[in-house]
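Structure assessment
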Amino acid sequence: MEQREYICQSPDETFRLGEKIGGSLAIGDVVLLYGGLGAGKTLLTKGILSALEFDIDEVTSPSFTLVNLYKTAKFDVYHIDLWRLDS
């Protein structure tokens, strides 16, 4: 499993990184985002879904629902928030 770390200096840079990631994803790929509240995880997810031609206005944090399902033209994307789950 390949692990990469990126540091973005602005919200726009975070969104563009998401678009880059989204453009390279294939069915079965898993992206794990780790960071505190306000770190930009949902913004990065919006960039990923933008690359998959999904309406980013429909992308929200799954903090209270735990799982959001986005059905894109390429494949389904499960946006899962694990911060409230125990080990």
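Rules behind the numbers
- Residues numbered from 1 in each chain as written.
- Predicted model: local features only at pLDDT ≥ 70, side-chain atom pairs only at ≥ 80, totals over all residues.
- Heavy atoms only, no water.
- Helix = DSSP H or I, 4+ residues; strand = E, 2+ residues; numbered from the N terminus.
- Rg over C-alpha atoms; globule rule 2.2 N^0.38 Å.
- Buried < 20%, exposed > 50% of the residue type's maximum accessible area, 1.4 Å probe, protein only.
- Contact = heavy atoms within 4.5 Å.
- Areas by Shrake-Rupley, 256 points an atom, 1.4 Å probe, with all protein chains shown as cover.
- Lys, Arg positive; Asp, Glu negative; His and termini not counted.
- Charge placed at Lys NZ, Arg CZ, Asp CG, Glu CD.
- Expected span 1.5 Å × (residues − 1).

**Some points on the overall build of the chain**
- What the chain contains, in helices and strands, is 2 helices and 2 strands.
- The helix and strand sequence of the chain, counted from the amino end, reads α-α-β-β.
- For 87 residues, the compact-globule estimate of 2.2 N^0.38 gives 12 Å, and the C-alpha radius of gyration of the chain, at 12 Å, lies within 12% of that figure.
- If one aligns the C-alpha atoms of the chain with their principal axes, the spans along those axes are about 30 × 30 × 30 Å.
- A burial count over the chain gives 28% of its 87 residues as buried.
- Restricting the contact set of the chain to residue pairs at least 6 apart, pairs at least 24 apart contribute 32%.
- Surface accessibility of the chain: about 6,600 Å² in total, with carbon and sulfur atoms responsible for 54%.
- Separation between the mean location of the 8 positive side-chain charges and that of the 13 negative ones in the chain comes to 2 Å.

**Digging into the environment of valine 30**
- Mapping valine 30 onto the fold places it in the loop between helix H1 (11-24) and helix H2 (41-51).
- The spatial distance from the C-alpha of valine 30 to the C-alpha of tyrosine 78 is 9.5 Å, given a sequence separation of 48 residues.

**Some remarks on H1**
- With 14 residues, H1 should reach 20 Å at 1.5 Å per residue; the first-to-last C-alpha distance of 20 Å fits that figure.
- On its buried face, H1 sits against H2.

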